[in-house]
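Structural features, examined
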Amino acid sequence: MIGLSHALDISKWALFANQLAINVVGHNIANVNTEGYSRQQLMLESNIPTTYYPGQLGSGVRANAIKRSYDRFLGVQTTSELQPLGYWEAKNNMLKQVEDVFNESNGNSLNQAMNTFWDSWQQLADDPTNDASRTALVSNAQVLASEMNHLHDNLFQLQKDADAQVKYTVGQINQLSDEIADLNTQIAQAEAGNQDANDFRDQRELKIQDLSKLIDINYFENDAGEVNIFTAGGRSLVQTVFSTHLNVSEDGTNHGFSRVMWEDANGGATDITDALQNGKIKGYLDTRDKGIPDILADLDRVAAGLVNEVNKLHYFGYGLNGTTNVNFFNPLTPSFNQDNGNNGDAGITGDIYDFTALSRDDYQVDFQTATTYQITNAATGNVEGFQIRSGSNDQIVFDDGGGATTITLTAGAYTSDQLAAEIENQLEANSSGNQGYTVSWDAANQHFLITNDAGNTNPLTLSWTSASSTAATTLGFATTADDTLTAGQTATSDNSADHTFQYTSGADVFYGGIRYRITDGSGGGPAAGDQFTMSVTQDTSQFMAVNPDIIQDSNKVAAAQTSADLPGDNRVALDLVALQHGNVMRQGKATIDEFYNGLVGSVGISSQSSENRVNHYQSMKEQLDYRRDTVSGVSLDEEMVNLVKFQQAFSANGKLISAIDEMMKDLLNIV
Amino acid sequence: MIARVTNISTYDRILKNMLYNAAKLQDLQEKVSSGKRINHPSDDPLGEIKTLDYRTILSSIDHYLGNITYGKTWVNQIDSSMSDMGTLISRAKSLAISQAADTADATTRKGTSVEIGSLYQRIIDLANSQAGENYLFGGSITNQAPFSLDGVYHGNNQRLYIEAGKGVRSEINAIGSNFLATDLNPAISTDAATGGYTYSSSDVTDQFMIDSSNDTLQVMLAGDTGGAPRDVQLTAGGYTGDALATHLQDQIRLLGTAGGVDYGKVTVAYDAATDHFTVDSGDPATNFDTFQNAAGSSARQTLGFSADITGNGDTDVESDTAVAFNVISGVNDSFTVAVDGGAAHSITLTAGTYTAASLVTEMQTQLNTALGAGVVAVDYDTSHSNRFTLTSATTGTTSSVTLLPGTNDFLRMAGLEPDLSVQGTTPTLISDLNAGSGVTLGVINVTDRAGNSANIDLTGATTVADILQTINAVAGVNVTASLNAGKSSIIMTDTNAPPAQHQNLAITDVSGTAAGDLGIAQDVPGNITGKDLDPAVTEQTRIAALYGGQGRTLGLIQVENGGVEGTVDLSGAVSVQDILTRVNADSNSALNISASVMTSGKALDITSSDGNTVALVFDGDDNKSSSALGIQGEQDILKTFRLLKEALEKNDGHAIQGILQHFDEGLKETLSEHAVIGASSNKLERAVTIQTELQVNTAQALSNTEDADILKTLSDFSLQQTALQVSLQSAARIIQPTLLDFLR
């Protein structure tokens, strides 16, 4: 019967409801400062009415569900902004430390050491016999070398730090994956009963955001409420309730640094290092594998420029006691590498045979086929060099009044300038009228110029059409027409010159001061597409040092140009002073100081720009956080009002119960 | 719709702004306390680059200023030394003036010579002045005194420079051999050895000998009513072509107006180029009709007319054959010659008239008959003021040709000096290298850049040319030996093509120390340049090789000795041997002098053979031969002093008078060298100004770029401080009120 018990019932449920509401309020208040917490609301609904006379009779209130205020879209936006934020934070963190390594601001670093070094040569030039000047020079040179070593070591240490961070980040990623998988389980279980697992979801959301800061991810939620997370190239980190771990393996070709590995379903490990695109891990990887190595490579170039150019001048000078042919710094050591991605099995070795001929550019050997390759200058990007092979492309037929004359070029590898000089020498040596010619290589336009010098009586005919001019195609001259030059005229090669080298396993090739040798391995020779690199500058900054002979005896420092003019002759010392202003870097376009200063400047620019990016993404995140807070955050004032609200309701319902209680008593009293 | 403000968003906002303000404040504080605007490269990367640049410039300016100060000590010291030298030279000159006068006598002169001696000592001391440990007047040889007491120069001629600014070099030393003592510094000669030859020391003169056999001829002008050619008489004697032409003209004109024609206008001319005489009537309307011998005379042959001329229809007659020499039997047809120190042979030429070319042939024929063919070669050098040369077929120092006058005048006619024997010359000897200490020869090993190696045996080489040829003749090693541009050292050039140049060019001694002594014991990726071989001056030294290969053009020198004056012609001398022979020739015996190479090997000397006199030598023409050869003159002040002392001791008044000229020359040279130093001093002063100004400007620029503007930064700082305070205060206000305060 609908009577007082109905009303009591209503009150009872109302009390429960309001109690529940107050619980929720209490939960909100308790979690006002919890990160990632979305405020929860009790959804109250009026109970199912009963059909009664005179109408539907309400049955009170019912707590329906507890919902959290949460904007899903904001969540997605946040995770997508967090990925680059993580990346730039990691990079900025490292770059700030790199900046500190260069530490030029207090004037105590490499710039200062170089200035002191150059100035020591000035002092020596003033008086080459002064023992104090010599000693000072040697010790300042040692300071410079050790400063260079320090810079290298510090930068390398930062590289190792970045590597450690990578390993640590992988650990963090794994931990988060595990936790998210756990939460997936719990959420799935909780929601199986058709209830929202609000708190779990908040926690999972937070963990997904943390994860997105570390690594680039895509994620979606399936029907069971589980979130599947994928990273680089669609590899899963979390799938339903299972998490896949990342691992690190040591890369022997890169100082033992870590490669990021993903375990696939069969237990095999896939290297995903290059597939990662964002997040802290990518930031550290980029810094470790590109940012710092680029800086180290430039530093090595500075060191190599100093070492080789100083040695070039010093070697031919005379020390105080007539000693000569002494290096000032320990000479450069070359390094030869084969690319990791090579399919063939050939290896490369070599050494420096003429340090005065070094260009100090890095070279790349690219195999077009298994038996031919080209040399590319990594600094200019141009393919360069020529190989003249006896009986194949070594002859040029010409006529300058003495009938058809064949010149045979010496076989071997030439730089473009060397080949031009050799052709000029041979033309002049075989000229019937002792005429002079000028042959040069135009690097800008990549072709040869052959000039019949002005003032010559006989014209020069270059017989490219002759079948014996086997060198024509290699030099880039068309074989369809001869070139006849009167005095002052120049012939230009029309086509691209052929820079192809034939590969012979184990044969020494002498190029640009470097001797290299590519040899078949046990598994065969090189394959098309294989790449090898040669560098004389690599790691110079690490090992730069003054020649111990010089340290032991400073009289061996060569200031004099000829032994007859000892001891007052200071011309080599003056030349070394002038080296400071010599354009020996960037293929003759920059001085050593300019190059180094540019390096410091570019470190500053990188650091400045990474800081700007961090600030940018940081403020984006803060905006999103703010908007999230306006939706999901707890306002204590609001909760206070709610508290009062529900408390009043509770009191009111309590009052109702006592009223009903009295009414019941009254009823009972009637009986 | 107003957005919900939640606690957490409020806190976050407050926190963010507070931290931002605090960070800015800290940044400003860092700028203030360090005083710099750029504390990290990222603060202003481009500014950082500029800062590094400026710092480098400032550091190098400091050093340029230091260099300049150092250079100035040298220059100032040289300056004061040279001023003092000038004073001493003037003092010596005035002493010489006083002692040249007749009022002086042996006693005063002897006393003065002592004073001159001490002045000399003082000049040498000044020339050995030092700045710190370095000697200033020795070129680049700064560790030993450039002058020893005997006046020999031990330095070299290298200028030393310091950097007074970027790319600015300033000389800081003086070179003693420019004004104090000559250093002939010969270059190495690889010229082929020459044979001994004799040359005429002057133009061939007195070609025409007129005597009773050819002193009369007959001439007639057309229209001469006398009908018969008139006699013309020539005076006996020796004549040059021009002199004979003049004399003939005079004698013809003596006829005056005769037979109605005026012989007074006749002209006779001699063309030296063609050796022809031309006799002109002097009147375009009058023909020169007859030109013929008088009976019994061979005058017209002497003058070069092949036949008597009669009935000539032209205004002039010209001799047909070039006649330069008239050899007359018993008069001028014989001489004596000794070759390579062998026996003397008497040579007699066939009488007759000869051109220079035909006389050469005749001499050659006669010499071949007497000595055998190919022993002596005779030639006539027209390029050199008409000289005969007789060259021995052997070459080198043992080769010589000696002429003696024989019984008559042939040598005089041919212009050949009697008793003039000249030895052959050789290229620079190895024993003369390294200032005479030579080279220890042995076997050297040469490895070229393609890896070819060979041992080369240099023993047996006597000249530098031998060494070069021996090395170049070796097959199997692709190197070329040659002399450097200054001809002072050997250069070894690798001749392989670049692809073949795999390794260093290396030279070592296998036995002996040749490579080390020549300075080519090196191991380099490139060409090897040996050391300066510093050959000593010997009789073999070529004149063209003096002064590092510059050579000198020689001319006349004037010699005065004991009141006797004379000239010696040194023009065309090829070697020092030539000069010594010419000066020491018998024809100069009246001068009583003797020429030699100084023991120092750096200059030549001419001394008097008379113990009571001093020989003075002066430049005879603009070629300044005496100064150039270091005999006496401009750049030999020390020698001038020694000569004066000697003259005073020997009481040689003439010499004392003559030496004054040398003093003037010496003063001029000193001034000239002093001027170089003066210019250098000015350069250094200017450089100081430039560098100091640059320093100020760069420091300014550095400060502008690098330093924080303290005033601005401080005001920013206090502003920021206020901002921080405000944000903190407002933060406090906003987080405080809450509903809880108001619920009871």
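The shown structure was predicted, so the numbers you read here are calculated from the model rather than taken from an experiment.

**Brief notes about the overall build of chain A**
Broken down by element type, chain A carries 13 helices and 29 strands. Against the compact-globule benchmark of 26 Å for 671 residues, chain A has a radius of gyration of 40 Å, which places it well outside the compact range. Put simply, chain A has 671 residues, and 42% of those count as buried. Sequence separation of 24 or more characterises 66% of the internal contacts of chain A that already satisfy a separation of 6 or more.

**Description of the overall build of chain B**
Along its length, chain B carries 16 helices and 35 strands. Computed over its C-alpha atoms, the radius of gyration of chain B comes to 43 Å, more than 25% above the 27 Å expected for a compact globule of 744 residues. By its C-alpha atoms, chain B is 175 × 75 × 70 Å across when sized along the principal axes. Here chain B holds 744 residues, and 43% of them are scored as buried.

**Some remarks on the nonpolar core**
Ranked by size, the top nonpolar core spans 247 residues in total, and within it Ile180, Leu211 and Ala573 of chain A together with Ile579, Leu644 and Ile659 of chain B carry the most contacts. In terms of residues, this core owes the most to one element, helix 4 (residues 131-192) of chain A, which gives 18 residues. In contact with Ala573 of chain A, other than residues within four places in its own chain, are Trp121, Leu124, Ala125, Pro128 and Ala559 of chain A. Judged by nonpolar contacts, the second largest core, of 54 residues, contains Met220, Leu244, Phe305 and Leu349 of chain B.

**Some thoughts on the packing of helix 2 (residues 72-102) of chain A against helix 12 (residues 592-632) of chain A**
All names here are of chain A. Two elements in contact, helix 2 and helix 12, have axes separated by 8 Å at closest approach and are oriented at 150°. Classified by the interaxial angle, the pair formed by helix 2 and helix 12 is roughly antiparallel. Considering only the axes of helix 2 and helix 12, their crossing is left-handed. For the contact of helix 2 with helix 12, the residue count by class is 14 nonpolar, eight polar and ten charged.

**Looking at the environment of Leu546 of chain B**
Residue and element names in this part refer to chain B. Following the sequence through the fold, Leu546 ends up in helix 10 (residues 546-549). Residue class for Leu546 comes out buried when judged on the 22 C-beta atoms lying within 10 Å of it. Sequence separation between Leu546 and Ile328 is 218 residues; the distance between their C-alpha atoms is 45 Å.

**Here's the deal with the interface of chain B and chain A**
Listed by partner, the interface residues are 61 residues for chain B and 68 residues for chain A. Elements supplying a minimum of two residues to the side of chain B that touches chain A: helix 1 (7-34), helix 2 (45-100), strand 3 (161-165), strand 29 (523-524) and helix 16 (739-742) of chain B. Taken together, the residues of the side of chain B that touches chain A sort by class into 23 nonpolar, 24 polar and 14 charged.

**Some words on the sheet that holds strand 8 (residues 230-233) of chain B**
Think of a sheet as strands paired side by side through backbone hydrogen bonds, with each pair either parallel or antiparallel. All names here are of chain B. Strands sit in the order 8-7-14 across an open sheet of three strands; the sheet is antiparallel. One side of each edge strand has no neighbouring strand; the edge strands of this open sheet are strand 8 and strand 14 (288-293). Averaged over all adjacent pairs, the angle separating strand axes in this sheet is 30°, with direction ignored. Here five bridges tie strand 7 (residues 216-221) to strand 14, and the two strands are oriented antiparallel to one another. What sits directly across from Leu217, in strand 14, is Asn293.

**Here's the deal with helix 13 (residues 637-649) of chain B**
All names here are of chain B. Across its 13 residues, helix 13 extends 18 Å between first and last C-alpha, which sits within 8% of the 18 Å expected from 1.5 Å per residue. For helix 13, the tally of buried residues reaches ten of 13 residues, placing the bulk of the element in the interior. For helix 13, the complete set of buried residues consists of Ile637, Leu638, Lys639, Thr640, Phe641, Leu643, Leu644, Lys645, Ala647 and Leu648. In this fold, the buried residues of helix 13 make contact with helix 2, helix 3 (106-127) and helix 14 (653-706). Downstream of helix 13 by one or two residues, Asn651 has phi in the positive range, about 60°.

**Some details on the packing of helix 6 (residues 279-315) of chain A against helix 12 of chain A**
Between two packed helices, what matters for the description is the angle formed by their axes and the separation of those axes. Residue and element names in this part refer to chain A. Packing of helix 6 against helix 12 leaves a shortest axis separation of 10 Å and a crossing angle of 165°. Our classification of the angle between helix 6 and helix 12 gives roughly antiparallel. When you trace helix 6 past helix 12, the crossing you get is left-handed. Within the contact between the two elements, helix 6 uses Ile295, Asp298, Leu299, Arg301, Val302, Gly305 and Leu306 and helix 12 uses Ile592, Phe595, Tyr596, Leu599 and Val603.

**Regarding the confidence of the model for chain B**
Residues and elements named next belong to chain B. When pLDDT is averaged along chain B, the result is 86; 95% of the residues meet or exceed 70. By mean pLDDT, the top-scoring element of chain B is strand 24 (residues 443-447) (94), and the lowest-scoring one is helix 7 (residues 410-413) (70). Among the scores for the predicted complex, ipTM is 0.77 and pTM is 0.82.

**Thoughts on the domain arrangement of chain A**
With domains assigned, chain A is organised as domain 1 (4-69 + 637-670) and domain 2 (386-498). One C-alpha centre belongs to domain 1 of chain A, the other to domain 2 of chain A, and the line joining them spans 104 Å.

**As for helix 2 of chain A**
Here helix 2 of chain A is 31 residues long and its end C-alpha atoms lie 45 Å apart, about the 45 Å a rise of 1.5 Å per residue gives. Following helix 2 of chain A by one or two positions, Asn103 of chain A has its phi on the positive side, about 40°.

**With respect to the domain arrangement of chain B**
Along its sequence, chain B is carved into domain 1 (7-35 + 708-742), domain 2 (52-181 + 665-693), domain 3 (197-203 + 328-423), domain 4 (212-327) and domain 5 (430-529). Spacing between the C-alpha centres of domain 1 of chain B and domain 5 of chain B amounts to 81 Å.

**Some points on the sheet that holds strand 11 (residues 269-271) of chain A**
Residues and elements named next belong to chain A. Spatially, 9-10-11 is the arrangement adopted by the three strands of the open sheet, whose pairing is antiparallel. Where the open sheet ends on each side, the last strands, each with one partner, are strand 9 (246-251) and strand 11. Pairwise comparison of adjacent strand axes, ignoring direction, gives a mean angle of 45° for this sheet. Of the strand pairs in this sheet, strand 10 (residues 257-263) and strand 11 are connected by three bridges, and their pairing is antiparallel. Each residue of the ladder has a partner; that of Glu263, found in strand 11, is Ala269.

**Some points on unusual backbone geometry**
Cis geometry marks the peptide bond from Tyr53 of chain A to Pro54 of chain A, where omega comes out at 0°. Looking at the secondary structure, you find Pro54 of chain A in the loop between strand 2 (50-51) and strand 3 (56-57). Following Leu566 of chain A, the chain continues into Pro567 of chain A via a peptide bond in cis, with omega recorded as -10°. Mapped onto the elements, Pro567 of chain A comes out in the loop between helix 10 (548-552) and helix 11 (571-579). At Asn185 of chain B, a position not held by glycine, the phi torsion is positive, near 45°. In this structure, Asn185 of chain B sits in the loop between strand 4 (168-171) and strand 5 (197-199). Of note in the backbone geometry, Asp534 of chain B takes a positive phi value of approximately 40° without being a glycine.

**Some words on the pairing of strand 32 (residues 564-569) of chain B**
Residue and element names in this part refer to chain B. As judged from the six bridges shared by strand 31 (residues 556-561) and strand 32, these two strands associate in the antiparallel manner. For Val559, the partnering residue across the bridge sits in strand 32 and is Gly566. Between the antiparallel neighbours strand 31 and strand 32 lie two residues, among them Gly562 with a positive phi of about 55°.

So, how was this worked out
Residues numbered from 1 in each chain as written. Chains lettered and ligands numbered in written order. Predicted model: local features only at pLDDT ≥ 70, side-chain atom pairs only at ≥ 80, totals over all residues. Helix = DSSP H or I, 4+ residues; strand = E, 2+ residues; numbered from the N terminus. Rg over C-alpha atoms; globule rule 2.2 N^0.38 Å. Buried ≥ 20, exposed ≤ 12 C-beta atoms within 10 Å, placed from the backbone. Contact = placed C-beta atoms within 7 Å. Core = buried A, V, L, I, M, F, W, Y, C linked by C-beta atoms within 7 Å. Axes fitted to C-alpha atoms, helices over the stretch in contact; angles between N-to-C directions. Parallel < 35°, antiparallel > 145°, perpendicular 65-115°, else oblique. Left-handed = near helix turned anticlockwise from the far one by under 90°. Nonpolar A, V, L, I, M, F, W, Y, C, P; charged D, E, K, R; others polar. Pairing = 2+ DSSP bridges. Expected span 1.5 Å × (residues − 1). pLDDT = per-residue confidence, 0-100. Domains from an automatic or database assignment.

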